[in-house]
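Per-entry structural report
Okay, here's what each chain looks like letter by letter:
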Amino acid sequence: MNTVLAGGFASFASDALNKQVQVDAIGLGAVYALMAVGIGLVFGVMRLVNFAYGQLVMAGAFALAVASGHGWPVGVGIALCVVVVLALSLAMERVVFRPLRTQSAAVMLIATFAVSFLLQSIALLWFGPLGKTATSLVALNRPVTVLGAEVRKISIVAIVAAAICVALLVLLLNRTSIGLHMRATAMDPSTARLLGVRANMVSIVSVLIAGALAALVAVLLTVQYPTVTPTFALQETILVLAGVVVGGMSRLVSATLGGFLIGYASGILGGALPSAQSQYLPSLLFGLVILVLLVRPDGLFTRGRGLVERV
Amino acid sequence: MRARRATVELLAPAALVVGAALFGAVVSQTTEVYVVTALISVSTVVALYVFVGNSGVLSFGHISFFAVGVWAAGVLSVPVAEKPATMPSLFHFLATTTVGNVVSLVFAAVAGGVYALLVGLPLMRLSGLAAGIATFAVLGITNNVLRYYEKIGPGLNTFSSVPETTGLLQAAVGALIVIVAAFAYQRSRLGRQLRAAREDPAAARAVGVSIYRQRLWAFALSGLLIGFAGGLYIHFIPINVDAVYLDLTFITLAMLVIGGSTSLWGAVVGALFVSALDSLLAEMEAGLNVFGLNIDLPEGSRIVVVSAIMALVLILRPSGLTRGREFSLPRVVRRAEA
């Protein structure tokens, strides 16, 4: 597909630019994959689609913006971002997720929809519709030359950070006892509880990990989009949710791949389409999502029937 | 007894609507605007209920059909002379046609219904999360196309010069039409089959209910009604494409869930309750004087309160204010059961 697109705009897209588009798309895919891990992890353990995940990222981004507005050092800003996002995640888990644990998936989805609007409107009240600017890390937007291609540093940082996080998570899930508990809960919550897995502990840990990833995503996204508004990361969350369902929610791996794929696709299409057509990019992506869901409702990367639905 | 109970189930929501309209007729001009908004919300939420309530399947896509209704009624009823100002690149036949109020509402309903039917044909095969995300994708596509495709509407411009024919009377009559249609549907053979499938899909299938077909009918009818509601809305205030996207989706779902999503009564109560609350908060944002106490909320606190209440209702009472039951008089119920 890529050669077709590149061929169509040969004058516009030289080989080097093409490499650049590729790396940027993989970088975007990496950021989306991180969000997909955060959403997929919480879904696996609690059977809850967290629509409010994007607002965690938004809150973290505002923390960064406030820190940069005060002229605090970058480290302090990132620390503030992590603290804010983790505190918010814990509060969300305690106040919303836990009381709703026994409810149907639809009720939980609408509840997180409400939480997402609540946080968004609080941000609107607090910071206004124009938002604030986070400038402390924009230096990462500068290009470096890698293998003859001009690549923005942030794309490389995003790819490396995502790879490290996923590797750490795999180690945690497979090599520690809390990871074992989480996998057991994801597979069969009631049996896991019977065998002595502490449900609250497991859900708190998964929400904290998801929160830490949201903080990282906030840092990565503010570099590319320094203007932080109440709708920051909203579009990304919708796309990642679609990607996660497209990939398949029954396993973390397939959900993550789905998230990566939609980020990569949107990066490639956004980079390759001429501007007259690129305004219809969301339609194209959503159309693809619907198409995949019709062909593989349980997910692109799953085998057999998913465990989500019965009828 | 059964017939009497059915009458009560229809009359209670209808009476609520008539009561609200009468209230709107005696209050000041500014309050009347709130009442008209509330009545249009009743149409919208009841239309959404026809699908979501009867099928138990969540849809984030219904505001697409509302938006299509807005576009159909809006484009068709702007006078030909006014069209070039906001919609310079319309298709020729759209640019040269203008229809009256009622005809434009019919077109809005038909456009919503046909679009929902077309979308539903493939989508109703899905269920659960896949269905939720797919309907969301429909909303995304609709919004994206309406935003940039200027041959069928104003694009990013605001719809102006649409005749403002939706007053108290039209809003109330519209809401009553939608309520009667929803009631007739849920008591019909089709409606009962779909409700049976909601309660127990496997058992419904075993007695020969085609869940796909029933969901599709409900989806199309629901799209038709919500398209009609969209037509009512554009004849009330000029709006642009941002007014028919995520915020409206959220508030409409919130009204349905807060009222109780499995009953017509719940849909009407939810719409009126949230509208009343929203109007009150809007007044407070503007500065309201209650018994010498001056309340002045900061701009934007309405949506904070509404979403907090929605989350609270879901946590404390997930089946909604009415517990998802139809309205019934206590005495009548006891006799019917005996």
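Residues numbered from 1 in each chain as written. Chains lettered and ligands numbered in written order. Predicted model: local features only at pLDDT ≥ 70, side-chain atom pairs only at ≥ 80, totals over all residues.

As for the overall build of chain B
From N to C terminus, chain B includes 15 helices and two strands. Against the compact-globule benchmark of 20 Å for 338 residues, chain B has a radius of gyration of 20 Å, which places it among compact chains. Judged by the C-alpha coordinates and their principal axes, chain B covers about 65 × 60 × 35 Å. Burial analysis of chain B (338 residues in total) assigns 51% to the buried set. Within chain B, contacts between residues separated by at least 24 positions form 81% of all contacts whose residues are at least 6 apart in sequence. (Helix = DSSP H or I, 4+ residues; strand = E, 2+ residues; numbered from the N terminus. Rg over C-alpha atoms; globule rule 2.2 N^0.38 Å. Buried ≥ 20, exposed ≤ 12 C-beta atoms within 10 Å, placed from the backbone. Contact = placed C-beta atoms within 7 Å.)

Considerations on the overall build of chain A
Secondary structure assignment for chain A yields 13 helices and four strands. Taken over C-alpha atoms, the radius of gyration comes to 20 Å for chain A, in line with the 19 Å a tight globule of 311 residues would show. With the principal axes as the frame, chain A shows a C-alpha extent of 65 × 50 × 35 Å. Each of the 311 residues in chain A was classed as buried or not, and the buried ones make up 50%. For chain A, the share of sequence-separated contacts (at least 6 apart) that also reach a separation of at least 24 residues comes to 76%.

Thoughts on the environment of Y115(B)
Residues and elements named next belong to chain B. In this fold, Y115 is placed in helix 6 (residues 101-123). C-beta crowding within 10 Å serves as the criterion here: with 23 such atoms nearby, Y115 is assigned to the buried category. Between the C-alpha atoms of Y115 and G227, which are 112 residues apart in sequence, the distance is 9.4 Å.

A word on helix 2 (residues 29-55) of chain B
The end-to-end C-alpha separation of helix 2 of chain B is 39 Å, in line with the 39 Å expected for 27 residues at 1.5 Å each. Among the 27 residues that make up helix 2 of chain B, 20 are buried, leaving the element largely enclosed by the rest of the structure. (Expected span 1.5 Å × (residues − 1).)

Observations regarding the interface of chain A and chain B
In this complex, chain A contributes 39 residues to the contact, which on the side of chain B involves 36 residues. Put simply, the parts of the chain that give the side of chain A that touches chain B at least two residues each are helix 5 (105-127), helix 10 (234-247) and helix 13 (281-295) of chain A. Of all the elements, helix 5 of chain A adds the most residues to the side of chain A that touches chain B, at 15 residues.

Examining helix 14 (residues 301-316) of chain B
Every α-helical turn comprises 3.6 residues, leaving residues that sit three or four positions apart pointing alike. When the terminal C-alpha atoms of helix 14 of chain B are compared, their 22 Å separation across 16 residues agrees well with the 22 Å that a helix rising 1.5 Å per residue should span. Along helix 14 of chain B, the residues classified as buried are I303(B), V304(B), V306(B), S307(B), M310(B), A311(B), V313(B) and L314(B). The inward-facing, buried residues of helix 14 of chain B contact helix 4 (74-97) and helix 5 of chain A together with helix 12 (246-259) and helix 13 (264-286) of chain B.

Describing the nonpolar core
Within the largest apolar cluster, 216 residues are counted, with the highest numbers of intra-cluster contacts made by L39(B) and V46(B). When residues of this core are assigned to their parent elements, the largest contribution, 19 residues, is made by helix 2 (residues 15-46) of chain A. With near-sequence residues (within four places) excluded, L39(B) lies in contact with V17(B), A20(B), A21(B), A171(B), A172(B) and A175(B). (Core = buried A, V, L, I, M, F, W, Y, C linked by C-beta atoms within 7 Å.)

Quick notes on the confidence of the model for chain A
All names here are of chain A. Of all residues in chain A, 91% attain a pLDDT of 70 or more, and the chain-wide mean is 84. Taken element by element, the predicted model of chain A shows its lowest mean pLDDT in helix 1 (residues 2-8) (47) and its highest in helix 3 (residues 53-69) (93). Within the model, the stretch residues 1-16 combines pLDDT values under 50 with twelve contacts to residues more than four positions away or in other chains. In the model, residues 306-311 has pLDDT below 50 throughout and makes 14 contacts with residues more than four positions away in sequence or in other chains. (pLDDT = per-residue confidence, 0-100.)

Describing the environment of L130(A)
Inspection of the secondary structure assignment puts L130(A) in the loop between helix 5 and strand 1 (132-133). The exposure class of L130(A) is exposed, given the 10 C-beta atoms found within 10 Å.

A look at unusual backbone geometry
All names here are of chain A. Although it is not a glycine, R47 adopts a positive phi angle of roughly 60°. Within the secondary structure, R47 is located in the loop between helix 2 and helix 3. For R47, a count of 18 C-beta atoms within 10 Å gives the class partly exposed. Positive phi is not limited to glycine here, since A233 has a value of about 70°. With respect to the helices and strands, the residue A233 is situated in the loop between strand 4 (227-228) and helix 10. Residue classification places A233 among the buried positions, given that 27 C-beta atoms sit within 10 Å.

Looking at the confidence of the model for chain B
Residue and element names in this part refer to chain B. Of the residues in chain B, 95% reach a pLDDT of 70 or more, and the chain-wide mean stands at 87. Taken element by element, chain B is modelled with least confidence in helix 15 (residues 330-337), mean pLDDT 51, and with most confidence in helix 11 (residues 211-234), mean pLDDT 95. In the model, residues 332-338 has pLDDT below 50 throughout and makes eight contacts with residues more than four positions away in sequence or in other chains. Model confidence for the complex: the whole-complex pTM is 0.87, and ipTM, which rates the interface, is 0.85.

Focus: the environment of A116(B)
Residue and element names in this part refer to chain B. Of note, A116 is situated in helix 6. Between the C-alpha atom of A116 and that of S64, which follows or precedes it by 52 residues, the distance is 8.7 Å. Residue contacts for A116: discarding those within four places in its chain leaves F65, F219, A220, S222, G223 and L224.

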